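For reference, the chains in residue letters:
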Amino acid sequence: MKELTAFAKELKRLRMAKGMSVRALSESSGVSHSYISQIENGTRDTPQPDLIKKLSKGLEMNYYSLMRTAGYLDETNEMMQHFTKALEKAPQEYKINYLNDFNKKIKSFELKGFPQSDEFDKAEYDMQLNYYKIALNGIDETESYVKFRDFFISTAKMSDYLQLLRIYRGITIDEISNLLEMDLLTYKSLESKLINETEVIKKYGKKIGEILGITDFEVWVSLSKRLRSGQHYSKYNFNKEVTEITFAVPSVIREIDNDGNKRIVKYTKEELKRNFYNLDFLLNQSEHVVLFKDKILNRNEIKKIKIMLDVLLGDD
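As a starting point, this report considers the structure included with it. (Residues numbered from 1 in each chain as written. Predicted model: local features only at pLDDT ≥ 70, side-chain atom pairs only at ≥ 80, totals over all residues. Heavy atoms only, no water.)

Brief notes about the pattern of salt bridges
Note the cut-off: What makes a salt bridge here is a side-chain nitrogen of Lys or Arg within 4 Å of a carboxyl oxygen of Asp or Glu, nothing more. Strands are runs of DSSP state E lasting at least 2 residues, helices are runs of H or I lasting at least 4, and numbering of each runs from the N terminus. Buried means the residue's accessible area, taken with a 1.4 Å probe over protein chains only, is under 20% of the maximum for its type, while exposed means over 50%, and partly exposed covers the values in between.
In this structure the tally under the stated criterion is seven salt bridges. One salt bridge connects Glu10 with Arg13, and the closest N-O pair in it is separated by 2.8 Å. One end of the pair is Glu10 and the other is Arg13, both in helix α1 (residues 6-17) and three residues apart, which spans about a single turn. Look at Arg13 and you get partly exposed, because its relative accessible area is 47%.

Right, dumping it as structure tokens:
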């Protein structure tokens, strides 16, 4: 009999602790009872994240806690480390060529003007241009890496990720084209023009991932691009202009400690400044609304965020 995974054991433990039958969990989660039974008895492997999300809702359990049990958060961290290491080890020649390619785009726009199409985003190009200028002015090795990383994240296409990882793995174009059973010209075209959501990536994504040691290339790229959506706007600010704003916050606050005792706390100016950057303080205060993008978060949503942060960051 196949040994049960940690997820299978935890799923069964949580279900029984809730006093739920397999069919009850099936009804509350939308996952078939036969699939749940197969997970628990070891005849099916750990499910994909979308099914884990359904099961977490059915159990009324934290999604990220189940994801951690399933091993996905650790796998994500490992896949992200591949990206970081690939950029750290990128040869100087590769970086120069990458910067030169963007410079050609700049020259083309200066000569012909910007593309007149809905696909061209002028604001995004301006951001890329600023990161390009910053990346040209690295002072020391560490600073140079940070600047190039931010520029790469803001500009890279899927083909760029493919080339970066292939070089990091020390695999030549000839070698990878042979491993993919693809002729050389076709692979070169792939590495220069590959974009998301194409039949090519759906066909070769997993095979490329196996060759490059990252399981699935398309998944790896999507994880790496998360850096772009939460871009680390580093200390090298391209906009030197600043505007000073002031607002009033209460310096004396009533609080309830862990034992349920009420107390009055008076904050110094330095403590109030620090609280401005304190996420825990922001989520627990009630004087001001808390926003995510343009959405005002209600107390239930804030509670969920706090649970998620506890799961992700934990205690030291």
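Re helix α8 (residues 122-135)
How we decide: Expected helix span is given by 1.5 Å per residue-to-residue step, counting one fewer step than there are residues. Whenever a nitrogen or oxygen atom comes within 3.5 Å of another N or O atom, the pair is scored as a polar contact, on the condition that within protein one atom can donate a hydrogen and the other can accept it, and that pairs from neighbouring residues in sequence are kept only if both atoms are in side chains.
With 14 residues, α8 extends 20 Å between its outermost C-alpha atoms, agreeing within 8% with the 20 Å of an ideal straight helix rising 1.5 Å per residue. Restricting attention to buried positions, one finds in α8 the residues Tyr125, Met127, Gln128, Leu129, Tyr131, Tyr132, Ile134 and Ala135. One side-chain oxygen of the residue at the start of α8 lies 3.0 Å from the amide nitrogen of Ala123, identifying that residue as Asp121.

Here's the deal with the nonpolar core
Spelled out, the test is: Throughout this description, the term nonpolar core refers to a set of buried Ala, Val, Leu, Ile, Met, Phe, Trp, Tyr and Cys residues connected via side-chain atoms within 4.5 Å. We call two residues contacting when some pair of their heavy atoms lies within 4.5 Å.
Residues Phe151, Phe152 and Phe217 are the most contacted members of the largest nonpolar core, which totals 44 residues. For this core, the secondary structure elements donating two or more residues are α6 (72-88), α7 (92-112), α8, α9 (141-155), α10 (158-168), α12 (184-193), α13 (199-212) and α14 (217-224). With residues up to four places along the chain from it excluded, the contact list for Phe217 reads Met158, Tyr161, Leu162, Leu194, Ile201, Gly205, Ile208 and Gly209. The next biggest cluster of nonpolar side chains, apart from the first, holds 19 residues, and it includes Phe7, Leu11, Leu25 and Leu66.

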